[in-house]
Each structure stands twice: as C-alpha cells, then as structure tokens.
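An overview of the molecular structure
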Amino acid sequence: MAREREERVRQAVAADLPAVRAVTDAAYRPYTERIGVVPQPMEADHAANVAAGKVFVTEASGEPVAGLVGLVGVVGLVVVEEFADHLFLDSIAVHPDAHGRGVGRRLLRFVDAHARALGLPEVRLYTNALMWENQEIYPKYGYQLVERRVDGPYDRVHYRKRLL
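In short, a report on the structure. Fair warning: this is a prediction, and the values are worked out from it, not measured in the lab. (Residues numbered from 1 in each chain as written. Predicted model: local features only at pLDDT ≥ 70, side-chain atom pairs only at ≥ 80, totals over all residues. Heavy atoms only, no water.)

Secondary structure assignment for the protein yields six helices and seven strands. The secondary structure elements of the protein, listed N-terminal to C-terminal, are α-β-α-α-α-β-β-β-α-β-α-β-β. Intrachain contacts of the protein at a sequence separation of at least 6 include 64% that bridge at least 24 residues. A total of about 8,500 Å² of accessible surface is found on the protein, and carbon and sulfur atoms cover 53% of it. (Helix = DSSP H or I, 4+ residues; strand = E, 2+ residues; numbered from the N terminus. Contact = heavy atoms within 4.5 Å. Areas by Shrake-Rupley, 256 points an atom, 1.4 Å probe, with all protein chains shown as cover.)

Right, here's the structure in full:
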C-alpha cells in the first residue's frame, strides 16, 4: 500500500502552494550561482500555475522528509502546458532530500502518460546550458537535442521526445 501512495502523481491544489514553492526553490537554488541568474522556475507564478491546472505533484511514501515538515509530503513536481501539437514540460523539480528515490523518473513517466492521454505526439522542454546534469539525464529518457538558443539572460538547450 505504501508503494502505491509513493507512486501517485496528482494535480496540485491551492493547499499545495507552500510545498510547490519550497520544492521548486530547494531544487533550483543550487543553480543560481552557477548560471548567474535566478532560474526562471523560482520566479514563476506558482498560484496561477496551480489554479490553471498545470502543476502535478508527488508525495513521499509517508516517511518524514527532511526540510519538508508540514508541507504535506510533496517531494517533487512538474509544471506542464498543453499546446496543439505537444506538451511543454516547463519545470521539473525534486527536493534534494528526495534525490535517488526515483522521484524524477516517476515524474517523467507521468509527463509521457499525460501527453499520451491528451493525444499529443511529443513532449518538449528546455534546460539551461549550465545545468549539465540535465543534459545527461534527458537523453536517457528518450529526449533528443533540438537546438541551443539564448533567450534573454538564459542560455537554453531545447529537447523533444516523440511519443509514438
């Protein structure tokens, strides 16, 4: 039963906002110094994204997670946006205390399944060029490099994954 709860990804609700902010900040804060600017997900309008149904969260399996006391156990989240021809993965965040538990893998599988359920043929995303960890991870999950492009202060590497 605990395994089922651990695997659950659900749409975020307003009560999840403190956890969405905390997980996003904890996940992206380490990159601030490296990339020289605040990562865009940290400045997102989380309340608007939750209200629009764009945020999906996953929780710990009932065991306490350091740094998340009182935040309903949310350890990871994705922010997605539906377009006519693809699902855009705007942000994926896993609390550092939950690294190594398969949370990111579970969220990426959810994104694929969500896109398929919406009848969309692909998932698109981008990551900052200085977040080299992501550039190692995404190809392992079937994402293909599309281009590298500078958008304002952000040097971004764009990926897509075709869902056939």
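The next point concerns the packing of aromatic side chains. According to the stated counting rule, one finds four aromatic pairs in the structure shown. Taken together, a centroid distance of 4.9 Å and an interplanar angle of 45° make the contact between F56 and F110 tilted. Remark: F110 occurs in helix α5 (residues 103-117) and F56 occurs in strand β2 (residues 55-59); sequence separation between them is 54 residues. For the pair F88 and Y126, a centre-to-centre distance of 5.4 Å together with 45° between the ring planes defines the contact as tilted. (Phe/Tyr/Trp six-rings, centres within 6.5 Å; stacked < 30°, edge-to-face > 60°.)

What follows concerns the environment of A47. Mapping A47 onto the fold places it in helix α4 (residues 46-51). Remark: the alpha-carbon pair of A47 and V13, spanning 34 residues in sequence, is separated by 9.2 Å. Excluding residues within four positions of it along the chain, A47 makes contact with L17 and R21.

Turning next to the pattern of salt bridges. Tallied over the full model, the rule gives twelve salt bridges. Among the salt bridges present, the one from E133 reaches R34, with a minimum N-O distance of 2.8 Å. Note that E133 is positioned in helix α6 (residues 132-140) and R34 in helix α3 (residues 31-35), a separation of 99 residues in sequence. For E133, a relative accessible area of 25% gives the class partly exposed. Between R149 and D151 there is a salt bridge whose closest N-O contact spans 3.3 Å. Under the relative-accessibility criterion, R149 is labelled partly exposed at 34%. The partly exposed category is assigned to D151, whose relative accessible area is 24%. Look at the salt bridges and you will find they share partners, linking D85, E122, R124 and R162 into a network. (Salt bridge = Lys/Arg side-chain N within 4 Å of Asp/Glu carboxyl O. Buried < 20%, exposed > 50% of the residue type's maximum accessible area, 1.4 Å probe, protein only.)

Judged by nonpolar contacts, the single largest core of 26 residues is most densely connected at V78, L89, V111 and Y143. In terms of residue count, the dominant contributor to this core is α5 (six residues). Not counting residues within four places of it along the chain, the set of residues in contact with V111 comprises V78, V80, L87, L89, V123 and Y143. If you look at the next biggest cluster of nonpolar residues, it comprises 17 residues, including V20, V23, Y28 and Y31. (Core = buried A, V, L, I, M, F, W, Y, C linked by side-chain atoms within 4.5 Å.)

In this structure, strand β6 (residues 144-151) lies alongside strand β7 (residues 154-162), joined through seven bridges in antiparallel fashion. Among the inter-strand pairings, E147 is bridged to a residue of β7, identified as H158. (Pairing = 2+ DSSP bridges.)

Looking now at the pairing of β7. Sheet analysis places strand β5 (residues 122-128) next to β7, joined by seven bridges and oriented antiparallel. Bridge pairing in β7 places N128 opposite R156. Hairpin connection of β6 to β7: two residues between the antiparallel strands, including G152 at a positive phi of 60°.

Ordered by their spatial adjacency, seven strands build an open sheet running β1-β2-β3-β4-β5-β7-β6, and the pairing between neighbours is mixed. Two strands lie at the open edges of the sheet, namely β1 (9-11) and β6, each paired on one side alone. Looking at each pair of strands side by side, their axes are set apart by 30° on average, direction ignored. Where helix α2 (residues 17-28) meets the sheet, it contacts β2, β3 (74-82) and β4 (87-94), and its direction lies at approximately 80° from that of β4. Along the sheet, α6 makes contact with β4, β5 and β7, crossing β5 at roughly 165°. (Axes fitted to C-alpha atoms, helices over the stretch in contact; angles between N-to-C directions.)

So, to be careful, I would describe these as geometric facts and stop short of saying anything about function.
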